[in-house]
Amino acid sequence: SAFKGALSQLPGIRSVSVSSGEPGVFVFAVSHDPGVDIDSGVAGLPGFAARITDATDDGFTVVAHEPAA
């Protein structure tokens, strides 16, 4: 997906894997350097209208729309 590619290009991101969740839901596991502000990076990804809808110490939920091809 384009979102996975964009996410993997953020500074300090080491790897990104994706798996399917419920219909229409994708789960991204991200390995990153300590101190990386992934929340801000995700919110700033151009073209996805990404917004964080929930956050805990273990992760966060993002709603994003992939740009039309």
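Residues numbered from 1 in each chain as written. Predicted model: local features only at pLDDT ≥ 70, side-chain atom pairs only at ≥ 80, totals over all residues. Heavy atoms only, no water.

Colleague: Looking at this structure, I do not really get the overall build of the protein chain. What am I missing?
Modeller: A tally of helices and strands in the protein chain yields 2 helices and 4 strands. Secondary structure elements of the protein chain, listed N to C terminal, follow the sequence α-β-β-α-β-β. Its C-alpha radius of gyration of 12 Å places the protein chain within 12% of the 11 Å reference for a compact globule of 69 residues. Its C-alpha atoms give the protein chain principal-axis dimensions of roughly 30 × 25 × 20 Å. Counting across all 69 residues of the protein chain, residues that qualify as buried make up 17%. Of the contacts made within the protein chain by residues no fewer than 6 positions apart, 26% connect residues no fewer than 24 positions apart. (Helix = DSSP H or I, 4+ residues; strand = E, 2+ residues; numbered from the N terminus. Rg over C-alpha atoms; globule rule 2.2 N^0.38 Å. Buried < 20%, exposed > 50% of the residue type's maximum accessible area, 1.4 Å probe, protein only. Contact = heavy atoms within 4.5 Å.)

Colleague: Looking at this model, I keep getting lost on the layout of surface pockets. Mind explaining?
Modeller: In this approach a probe as big as a water molecule rolls over the atoms, and the regions it shows empty are the leftover space. By volume, the largest pocket amounts to about 710 Å³. When contributions to the lining of the largest pocket are tallied by element, the ones reaching two or more residues are helix 1 (2-8), strand 2 (26-32), helix 2 (38-43) and strand 4 (60-63). A total of 5 residues in the lining of the largest pocket trace back to one element, the largest contributor, which is strand 2. Looking at side-chain class alone, the lining of the largest pocket contains 15 nonpolar, 6 polar and 2 charged residues. (1 Å grid on protein atoms, 1.4 Å probe; cavity = no way out; pocket = protein on both sides within 12 Å on 5 of 7 lines; lining within 4 Å. Points joined across faces, edges and corners; volume = space filled by probe spheres on them. Nonpolar A, V, L, I, M, F, W, Y, C, P; charged D, E, K, R; others polar.)

Colleague: Just checking my understanding: could you explain the pairing of strand 4 for this structure?
Modeller: The side chains of a regular strand alternate, first on one face of the sheet and then on the other. Relative to strand 4, strand 3 (residues 51-55) runs antiparallel, the two sharing 4 bridges. In the strand pairing of strand 4, Arg 51 is matched with Val 63. The turn linking strand 3 back onto strand 4 is made up of 4 residues. (Pairing = 2+ DSSP bridges.)

Colleague: Explanation requested: the nonpolar core in the structure shown.
Modeller: It is characteristic of soluble globular proteins that their nonpolar side chains tend to be buried jointly. By size, the foremost hydrophobic cluster in this structure holds 11 residues: Phe 3, Ala 6, Leu 7, Leu 10, Ile 13, Val 16, Ile 38, Val 42, Leu 45, Phe 48 and Ala 50. With 3 residues, helix 1 is the largest single contributor of residues to this core. If we skip the residues at most four places from it in the chain, Phe 3 touches Phe 28, Val 42, Leu 45, Phe 48, Ala 50, Val 62, Ala 64 and Glu 66. (Core = buried A, V, L, I, M, F, W, Y, C linked by side-chain atoms within 4.5 Å.)

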